[in-house]
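Coordinate inspection notes
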Amino acid sequence: MTAKSLKPWLLVSVLLNVFLIGGVGGGLYHWRVNAKPAVAMVNQHGLRQAMVNLPPERRRELRQLLRRNSADSQPLVMAGREARLGVIKQLEAPALDRDVLVTELAKAREADMALRALVDTTLAQFASTLPREERQTLVEALYVRGQMAGKKPRS
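Keep in mind that what you see is a predicted model, and the values were worked out from it rather than measured.

Inspection of the secondary structure puts valine 139 in helix H5 (residues 132-142). Look at valine 139 and you get partly exposed, because its relative accessible area is 37%. Along the backbone, valine 139 and alanine 127 are 12 residues apart, and their C-alpha atoms lie at a distance of 9.7 Å.

Attention shifts here to the side chain of asparagine 69. Within the secondary structure, asparagine 69 is located in helix H3 (residues 56-92). With sequence-adjacent residues up to four places away left out, asparagine 69 is seen in contact with Leu118 and Thr122.

Moving on: the nonpolar core. Among the nonpolar cores identified, the biggest contains 12 residues, and these are Ala50, Met51, Leu54, Leu62, Leu65, Leu123, Phe126, Ala127, Leu130, Leu138, Ala141 and Leu142. Among the secondary structure elements, those contributing two or more residues to this core are helix H2 (47-53), H3, helix H4 (98-127) and H5. Once you skip the residues sitting within four places of it in the chain, leucine 65 turns out to touch Thr122, Gln125 and Phe126.

What counts as what
- Residues numbered from 1 in each chain as written.
- Predicted model: local features only at pLDDT ≥ 70, side-chain atom pairs only at ≥ 80, totals over all residues.
- Heavy atoms only, no water.
- Helix = DSSP H or I, 4+ residues; strand = E, 2+ residues; numbered from the N terminus.
- Buried < 20%, exposed > 50% of the residue type's maximum accessible area, 1.4 Å probe, protein only.
- Contact = heavy atoms within 4.5 Å.
- Core = buried A, V, L, I, M, F, W, Y, C linked by side-chain atoms within 4.5 Å.

Put into structure tokens, the structure is as follows:
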């Protein structure tokens, strides 16, 4: 190969390298300028979403309150679990006893409602310590999914 036949290949190689270096450099610049921390990749809802939206110190407070209530909630969790196992047992039985099934469903529902009441009480206790802006964040994370779409927030 002569020098004359290598010049077009050298020119193409230089242009390709300049293009690639520019693309990588531009991509890195764009990435660094527009980089936003990922909040959560999982579709979270309820208390988890509220905890993500709160400042770290408030998040820690709420987590500690919920942990303190875990001892109180364990009997309720176990009662609900046992009732659901009773429901499963009734549904899998060769002969369905409707009265026992309804009783087990009622037990599970009562345990779930009592657990929800305990969590709601803890949440109310926590919310009473928050300033208005953080309470608004809590409301938006917990309750304002489609309920407030179209309504303007109060001032």
